[in-house]
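Okay, here's what each chain looks like letter by letter:
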Number of protein chains: 2
Amino acid sequence: MELSYTKQRSECAKGVQKSELVIKNGSVVNVFTNEIIRTDIAVEDGIIVGLGSYEGKTEIDADGKIICPGFIDPHLHLESTLVLPSELIDCAAENGTTTFIVDPHEAANVSGAKGIDYILSQTENVPANVYVMMPSCVPATSVEDNGAVIDAETMKGYIDNPRILGLGEVMDCHAVLDGDKNMTDKLKVFRNKVIDGHSGYLHGKDLMCYKLAGVDTDHECCDFETALEEVRAGFQVHIREGSAAKNLDAIVSGIVKNKIPTQSFSFCTDDKHITEIREKGHISYNVRRSVELGIDPIEAIKMATINPAKAYGLPRTGAVAPGYRADLIIMSNLKDMEIEEVLYNGKPVKEQQNGKKPEIDKALFNTVKIKDLSSESFKLPVKAPECTVIEVIKNQILTSMKTEAVPVKNGEFAPNETYSKIAVFERHRATGKKYVGIAKNYGIRNGAIASTFSHDSHNLIVIGDNDEDMLAACRALAECGGGYAISNGGEVTVLELPVMGLISNRPYDEVKQRLAQMIETAHNMGVPDGIDPFVVLSFLSLTVIPEVRITPRGIFDVIKNDFLNQS
Amino acid sequence: MELSYTKQRSECAKGVQKSELVIKNGSVVNVFTNEIIRTDIAVEDGIIVGLGSYEGKTEIDADGKIICPGFIDPHLHLESTLVLPSELIDCAAENGTTTFIVDPHEAANVSGAKGIDYILSQTENVPANVYVMMPSCVPATSVEDNGAVIDAETMKGYIDNPRILGLGEVMDCHAVLDGDKNMTDKLKVFRNKVIDGHSGYLHGKDLMCYKLAGVDTDHECCDFETALEEVRAGFQVHIREGSAAKNLDAIVSGIVKNKIPTQSFSFCTDDKHITEIREKGHISYNVRRSVELGIDPIEAIKMATINPAKAYGLPRTGAVAPGYRADLIIMSNLKDMEIEEVLYNGKPVKEQQNGKKPEIDKALFNTVKIKDLSSESFKLPVKAPECTVIEVIKNQILTSMKTEAVPVKNGEFAPNETYSKIAVFERHRATGKKYVGIAKNYGIRNGAIASTFSHDSHNLIVIGDNDEDMLAACRALAECGGGYAISNGGEVTVLELPVMGLISNRPYDEVKQRLAQMIETAHNMGVPDGIDPFVVLSFLSLTVIPEVRITPRGIFDVIKNDFLNQS
């Protein structure tokens, strides 16, 4: 890291020379003293050099405005936005987020180190600080069929990269608790950096063991009691408010009610779509909503700035003080927190969105390889009186495991408005592995929805009420290199995601329009409100989120950490 | 750094195996939530593995007791104690301090890298965590005549030592503000580690410039207003309460009155003598006194534990949580905070004081080399009607610069009960450099006091009211390799400090007894209460503490950063 100090900046700090930029007379949030102090901010060459009375070559009048540090999102995945990473960064930056700690584990699960390099290169010259956590679970667990393996040896090649802050969300908690050698080797590689957790369901002695292993953070808490238990154990808890998982109200209400200090809390989005960012904001939403729930505005700003900056040891980030980056938000006032201007590196972010897209490695295209796709692939004979059913839950990525009698016709499962057929096909190496099961409350009728974006192995997942539409949707994705597909009574619509089967190379607005149409179609086909047809589907294979999932190898009981014995 | 996690510890965390030690039913201070939670603490192989309900091979009943993390002193000098470093560590550890961040700048100023290696080796196997800051100012400033130069190149040799946390107190503020190349090179070497400051007198734009240079901490604030200004600028402020400088009451009262968050504050001792530690405690005193002044007890404990641990990125230190070091204090209650037991590495500190002293490098002996010491050396002719006078201030290491008429006899300065003669002789290379001046309010009559322990260059300093006694005291020290000497009407008493002229190799109690006698003698000779004869003398050469000092090159105006033109 370069020293903030230079002779030139020093002269500006001393007021001997005029700084490039001086923001005059703003009411500046001091994250160290919890004060709001009326002062000028002098900025030279992207760094804050002084607070006090300064003159600048350029001056901004901030009289009556609140100025705070740019917000930090300490845990998110850029792949979920379906478009080139810079599009989400640009959008979130306009909403005040100037630092992003991203975990490229979708890209890594499909394309390994090349996937990580893709995220690094696509975010190198965006107008924001983008750091990367090394995906810890590629594959997510030993039961996965994904596209690549990232082991401790591969990780060592990244340890000296200053943009790699540590080990990404350690989802395979069982491997940690069991002292699995591969996992321990990875923890050792990053023992002097930050290790992100992914628990939310460990308690008591299991949680102790998980913390002992060196895990520093968690963003999976859904309720206040779990968050409090984790903070007591020494975790930094990122309060998540994304498109699928919305945990903020529950946790923040508990903090307010119980008067818990906020120092060990930060905010994150994990997965939040650009449209929702445009409508509601990014980390700015978490800040505003927390204030509505009763958090002091300065504490809320600290949760979005200095708290995550300290948790990750981010250089010169998260405060308005000499030597810190001039990543700043100018707000209307502390009540509405309307963001009027965002500076990155001392310049408005909008002026720095250059639209240049680095070239994409050809190896990241044509990644969908499936063996033997035919109408036979979807048969599901039912022998037992009751079957295991994956129940989806509105506004949650959690599922419930049920054992229920399901409709049967001619000895085969017969989907209806309550029970859908769901199937997963391994799609990276054409191994032919696949499994068919039953989902509840997804509601689809007269068709099928398929996706190659399905956490974390990103196999081809499809859900529907008849085999013909399921086959048609899958075939469409196999042919175009991946994406989202709907087959509605034989009529197929596709959103192509040719980069790793995860990401489009078309502009966001084009993708958004197409996606909105497809989501509308899905809801018209019976998917109820409160269930995003593609997002919910994308989590139904994720073997680390309770309670039950489906993979190409079978139905997986997350709590027992094992496949069910199916008839 | 090793991973806290091991298979063995993991089994203990899960409760599958009994831990080596379980502290049962204590009321444990949680520095993350500000709660006190009644729980067991399980310890295996020196590390806390879990909190909850545990069984141990050994169990301690802590019912009704308060348990908190061991205290941290983030800034102190071990040399000031005059005895082998392990003696201070042992004494402070019994008083609850289990982590020390030491700056060996006295040793380095006399013996360079060998002095630093001495402190590293002498503290390697003590029952406490001892980290070292690389002395930044050896020599203290460019106007000094000390024993060695430690430049950026020398420092690079220590950068990978995990016990070296960063750059020690950057006293030469002017070099920082002026962008001096040597200083900038040193700041660059440690740009990714912690840089300790030493200001207390910079304000406004100068303070901005100093912070911009990368300085992280300061322990020199004497009043609340300065401390607040520094915290606002992003400094971690260590509130100092040592033997000479006592800043706690002023700063803590301000924090309480103004309700400033305590997160950016820690406690330090800087220089505190063993006798005072035994009588009043170490960091434990700062904690107790802060509570008396109105700080919440848990906040006070955080200022002594997690705050400095975070400021220095100390691994697994400063909290009672899984994965953290089992450095623990068992207290009577939160009111008296009487320390009943201190554990380091999960074992009582007293049981781990092995008394083994590493051998001392022979190069550290016989370091006092003075050219031309005779009665002529002390002549001080007075020509001007008024002279510059160094006024000592009770209970302070600050001095005032006065210009006053002084008593004169036969054209020479004639000391009396108000004005003493003071002289400094270069003693490392026998260059013959020396200077004679006038001090006020030291009060010595019928004799002289001399010392080779004189910050930071540790030249030979002597103060007295007649040349014969001054010569006798100096000669005694030149002959014995350094130490403290008093000559009282020709009768000479010496406390030998043969290691670098700074440290005795005799046991503390022997040194203490001798020193107490000599201090009593000094007070009997007129040195008033409120002035420790040797400690105050030891600071009169330190060219970075306002307002005025004396060195072998002349009288130094600290504010103007230059020598006076003397007649």
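Our subject is the structure that appears above.
These numbers come from a predicted model, not from an experiment.

Undergrad: How should the side chain of S400(B) be read in this particular structure?
TA: Residue placement: S400(B) occurs in strand β18 (residues 399–404). When sequence neighbours within four positions are dropped, the list of residues in contact with S400(B) reads V389(B), I390(B), E391(B), I393(B), E547(B) and V548(B).

Undergrad: How do you make sense of the relation of the copies chain A and chain B when you look at a structure like this?
TA: Here two copies of a chain appear, and what relates them is a rotation about an axis with a shift along it. Mapping chain A onto chain B leaves a residual RMSD of 0.0 Å; the transformation is a rotation of 180 degrees accompanied by 0.0 Å of translation along its axis. Taken together, the turn and the small shift mark the pair as related by a two-fold rotation axis. A shared interface surface links the copies, since 100% of the contact residues of chain A are contact residues in chain B too.

Undergrad: Can you help me understand the pattern of salt bridges in this one?
TA: Oppositely charged side chains can pair when the atoms bearing their charge come close. Residues and elements named next belong to chain A. With the rule as written, the count across this model stands at 47 salt bridges over all chains. D145 is paired through a salt bridge with K433; the nearest N and O atoms lie 2.5 Å apart. One end of the pair, D145, is in the loop between β8 (129–134) and α5 (152–156); the other, K433, is in the loop between β21 (419–425) and β22 (434–440), and 288 residues separate them in sequence. E276 serves as the salt-bridge partner of K246, at 2.7 Å between the closest nitrogen and oxygen. Placement of K246 in the loop between β12 (236–240) and α10 (248–258) and of E276 in helix α11 (residues 274–280) is noted, with a sequence separation of 30 residues between them. Given the relative accessible area of 38%, K246 is considered partly exposed. One salt-bridge network, held together by shared partners, links E391, K402, E404 and K440.

Undergrad: Mind showing me how you'd approach unusual backbone geometry here?
TA: For residues that are not glycine, phi is negative in most cases, and the peptide bond is trans in most cases. Residue and element names in this part refer to chain B. Each neighbour pair has its own omega, and for V138 with P139 the value is 5 degrees, a cis peptide bond. Look at the link from P546 to E547: it is a cis peptide, with omega at -5 degrees. Its place among the elements puts E547 in the loop between α17 (533–539) and β27 (548–551). Even without a glycine there, the phi angle at D270 is positive, about 65 degrees. With respect to the secondary-structure elements, D270 resides in the loop between β13 (265–268) and α11 (274–280). One non-glycine residue, H458, lies in positive phi territory at about 55 degrees. Tracing the backbone through its elements, the reader meets H458 in the loop between β23 (447–451) and β24 (460–464). In this structure H458 comes out as buried when scored by relative accessible area, which is 0%.

Undergrad: Teacher, can you tell me more about the interface of chain A and chain B here?
TA: Interface size is often expressed as the accessible area that is lost when the parts come together. Taken together, the contact between chain A and chain B spans 53 residues of the former and 53 residues of the latter. Contact between chain A and chain B buries roughly 4500 Å² in total, counting both sides, with carbon and sulfur atoms accounting for 59%. In terms of surface lost to chain B, no three residues of chain A exceed Y5(A), K205(A) and L212(A), which account for 16% of the buried area on that side. Run the count over chain A and chain B and you get two salt bridges. A salt bridge links E35(A) to R232(B); its shortest N-O distance comes to 2.7 Å. Here chain A and chain B share 14 residue pairs in polar contact (both at pLDDT 80 or more) between them. When contributions to the side of chain A that touches chain B are tallied by element, the ones reaching two or more residues are α1 (7–13), β2 (35–44), β3 (47–52), α6 (173–178), α7 (181–189), α8 (204–212) and α9 (224–232) of chain A.

Undergrad: I'm lost on the pairing of strand β9 (residues 164–170) of chain B in this one. Help?
TA: Looking along a regular strand, one sees the side chains alternate between the two faces of the sheet. All names here are of chain B. Counting buried positions along β9 gives seven out of seven residues, so the element sits mostly inside the fold. In the sheet, β9 pairs with strand β10 (residues 194–197) via three bridges, with the strands oriented parallel. If you follow V170 over to β10, its bridge partner there is G197.

Undergrad: Help me out: how do you make sense of the environment of T399(B) in this one?
TA: All names here are of chain B. Locating T399 in the fold gives a position in strand β18. Between the C-alpha atom of T399 and that of E547, which follows or precedes it by 148 residues, the distance is 5.4 Å. Ignoring any residue separated from it by four or fewer positions in sequence, one finds T399 in contact with I390, E391, I393, L540, P546, E547, V548 and R549. From its side chain, T399 meets the backbone oxygen of V548 in a polar contact 2.9 Å long.

Undergrad: I tried to follow the sheet that holds strand β17 (residues 387–392) of chain A on my own but got confused; where do I start?
TA: Two strands in a sheet stick together by hydrogen bonds in their backbones, pointing the same way (parallel) or opposite ways (antiparallel). Residues and elements named next belong to chain A. A sheet is described by the order of its strands in space; here eight strands give the open sequence β18-β17-β22-β21-β24-β23-β25-β26, paired in mixed fashion. Sheet topology places β18 (399–404) and β26 (491–496) at the edges, where each strand pairs with a single neighbour. Averaged over all adjacent pairs, the angle separating strand axes in this sheet is 25 degrees, with direction ignored. With seven bridges joining them, β21 and β22 adopt antiparallel strand pairing. Opposite Y419, over in β22, you have K440 as the bridge partner. In this fold helix α16 (residues 508–524) packs onto β23 (447–451), β25 (483–488) and β26, with an angle of close to 145 degrees to the strand it touches most, β26.

Calculation notes
- Residues numbered from 1 in each chain as written.
- Chains lettered and ligands numbered in written order.
- Predicted model: local features only at pLDDT ≥ 70, side-chain atom pairs only at ≥ 80, totals over all residues.
- Heavy atoms only, no water.
- Helix = DSSP H or I, 4+ residues; strand = E, 2+ residues; numbered from the N terminus.
- Contact = heavy atoms within 4.5 Å.
- Least-squares fit on C-alpha atoms with pLDDT ≥ 70 in both.
- Salt bridge = Lys/Arg side-chain N within 4 Å of Asp/Glu carboxyl O.
- Buried < 20%, exposed > 50% of the residue type's maximum accessible area, 1.4 Å probe, protein only.
- Buried area = accessible area lost by both parts, 1.4 Å probe.
- Polar contact = N/O pair within 3.5 Å; in protein donor to acceptor, adjacent residues only side chain to side chain.
- Pairing = 2+ DSSP bridges.
- Axes fitted to C-alpha atoms, helices over the stretch in contact; angles between N-to-C directions.

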